[in-house]
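Coordinates in review
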Amino acid sequence: ALEFNTTMSAAIPTQISQCSSSRAQSVHKTQHVCRHKLSCRRHSVVCNVKKNNQPDPVMKGLKELASFLAPTVAVITGSVDDSAASSSSSSSSKRSSAKAAASAASDDWRSPVYTIVAANLAVYALVHLLHLLPAGLLQLGLGKAFGWWQVLTSGLMTLGFEHLAEVTFFTYTFGRLVERAHGAAGLWAAYLGGVLGANALALWMFPAKAVGSAAVASAGALGLCVAGLVWPRAHRKPLEVACLAPLVWMACVARFAGLGPALVVDGVRVGHLVHAVGAVMGGSLVAGVFALVDWVAAKAEAERLEKERQEAAARRAERGAADGEAVAEVLGAAAKAAGQIAKKLL
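Parameters at a glance
- Residues numbered from 1 in each chain as written.
- Predicted model: local features only at pLDDT ≥ 70, side-chain atom pairs only at ≥ 80, totals over all residues.
- Heavy atoms only, no water.
- pLDDT = per-residue confidence, 0-100.
- Helix = DSSP H or I, 4+ residues; strand = E, 2+ residues; numbered from the N terminus.
- Contact = heavy atoms within 4.5 Å.
- Salt bridge = Lys/Arg side-chain N within 4 Å of Asp/Glu carboxyl O.
- Buried < 20%, exposed > 50% of the residue type's maximum accessible area, 1.4 Å probe, protein only.
- Disulfide = S-S within 2.5 Å.
- Expected span 1.5 Å × (residues − 1).
- Bend = angle between axes of the 7 residues up to and from the residue.
- Core = buried A, V, L, I, M, F, W, Y, C linked by side-chain atoms within 4.5 Å.
- Phe/Tyr/Trp six-rings, centres within 6.5 Å; stacked < 30°, edge-to-face > 60°.

Some thoughts on the confidence of the model for the chain
The predicted model of the chain averages 79 in pLDDT, with 68% of residues at 70 or higher. Highest mean pLDDT in the chain belongs to helix 7 (residues 217-233) (95); lowest belongs to helix 1 (residues 2-53) (51). This stretch, residues 1-9, has a pLDDT under 50; its non-local contacts, to residues over four places away or in other chains, come to zero contacts. Below pLDDT 50 for its whole length, residues 45-53 participates in zero contacts with residues either more than four positions away or in separate chains.

Section: the pattern of salt bridges
Following the criterion strictly, the structure yields seven salt bridges and no others. With its nearest N and O atoms 3.9 Å apart, the salt bridge here joins Glu 162 to Arg 255. You can see Glu 162 sitting in helix 6 (residues 161-205) and its partner Arg 255 sitting in the loop between helix 8 (238-254) and strand 3 (264-265), a full 93 residues away along the chain. Glu 162 sits in the exposed class, given a relative accessible area of 60%. Here Arg 233 and Glu 240 are joined by a salt bridge, their closest N and O atoms 3.0 Å apart.

Considerations on the state of the cysteines
Here the structure, examined in full by the defined rule, presents zero disulfides. Residue Cys 252 stays outside any disulfide, its sulfur separated by 10.0 Å from that of Cys 225, the closest cysteine.

Some remarks on the side chain of Glu 166
On the secondary structure map, Glu 166 appears in helix 6. Judged by its relative accessible area of 18%, Glu 166 is buried. What Glu 166 contacts, discounting residues up to four positions off in sequence, is Ser 218, Ala 251 and Arg 255.

Considerations on helix 6
For helix 6, spanning 45 residues, the distance from its first C-alpha to its last is only 29 Å, which falls clearly below the expected 66 Å at 1.5 Å a residue. At His 182, helix 6 shows its strongest bend, of approximately 135 degrees.

Observations regarding the nonpolar core
The biggest cluster of nonpolar side chains holds 44 residues, and the ones touching the most others in it are Phe 174, Phe 206, Val 216, Leu 222 and Leu 224. Elements supplying a minimum of two residues to this core: helix 3 (112-129), strand 1 (140-142), helix 6, helix 7, helix 8 and helix 9 (271-345). Residue contributions to this core peak at 11 residues, all from helix 6. Contact partners of Leu 222, with chain neighbours within four places excluded, come to Val 248, Trp 249, Cys 252, Ala 276, Ala 279 and Val 280. With five residues, the next largest nonpolar core counts Val 123, Val 127, Met 157 and Ala 215 among its residues.

Re the packing of aromatic side chains
Tallied over the full model, the rule gives five aromatic pairs. Measuring from ring centre to ring centre gives 6.0 Å for Trp 148 and Trp 149, while their planes differ by 85 degrees; the resulting arrangement is edge-to-face. Here a set of aromatic residues connected by ring pairs shows up, and it is made of Phe 169, Phe 170 and Phe 174.

Side note on the environment of Gly 175
Mapping Gly 175 onto the fold places it in helix 6. Along the backbone, Gly 175 and Gly 228 are 53 residues apart, and their C-alpha atoms lie at a distance of 7.2 Å. The contacts of Gly 175, once residues within four sequence positions are left out, are Val 113, Phe 170, Leu 187 and Leu 224.

Structure below.
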């Protein structure tokens, strides 16, 4: 027993030292393995970072393609925004239409038609109602009764209330047509063209010994009818012209019935036709001037549009050439990237 105890007491420290040494070796081995794994992971991370930092040809080609398509996308989105803006502005245009109608109603009173009608009404009141002016002073006098101012003042003279109402109706109806097409200046030109044409032909055709006077307001209305209805619409609306023009002609001729005996041709009294024919000639002359002005304006507008079309075509050609070059560059970059990818895969 004593020998066994001695043997065991000598063997136990030896086993303990062996166990501690083997444990230390295993710990050292474990630490070495962990350090090796950690260094490998760090090396792999560094490699991946370096690899990711290298430019990828595929991504480069896609980026170039995106930069090429960016302007087109911007144009499309801009057009969408414009359509949205136009839909939002439609409501505001409805509100502004009411204001435009109100302003148009106020502008209607500024029309020269109202000035002519007001002048006819004022002369009628001074001559026929208030008797402040003698009719012979303003009407176109024949023979010794002629005065140079009567060439214009006779265009404002009417024979009575019925004549005033007739002239007012014709002046407003046909004057608005001329004003819409040629403005206020065209309206004055057509009215004065009828008046001056009627007076000029009367002074030329009637003999010096003729006696009489004429209120030529109807001639001004006939000039408006010729310049605003007959010539502009004869080829487009012949039925309208055939219905309205004879009424204005007969009304105008009837107002000069008293001058029939002043001019006799082959035994036929034609004095009452002189002023009406002169008004038609004056209105036709003004209509010819209108047509010439419209032709010149249309030619200038056509030249301007042709110039703009050519400039737009040149800009489109330049833009197409630039776009073709950009597309070629993108396709070249894409082909190069595809070749590099194929080399890596194969």
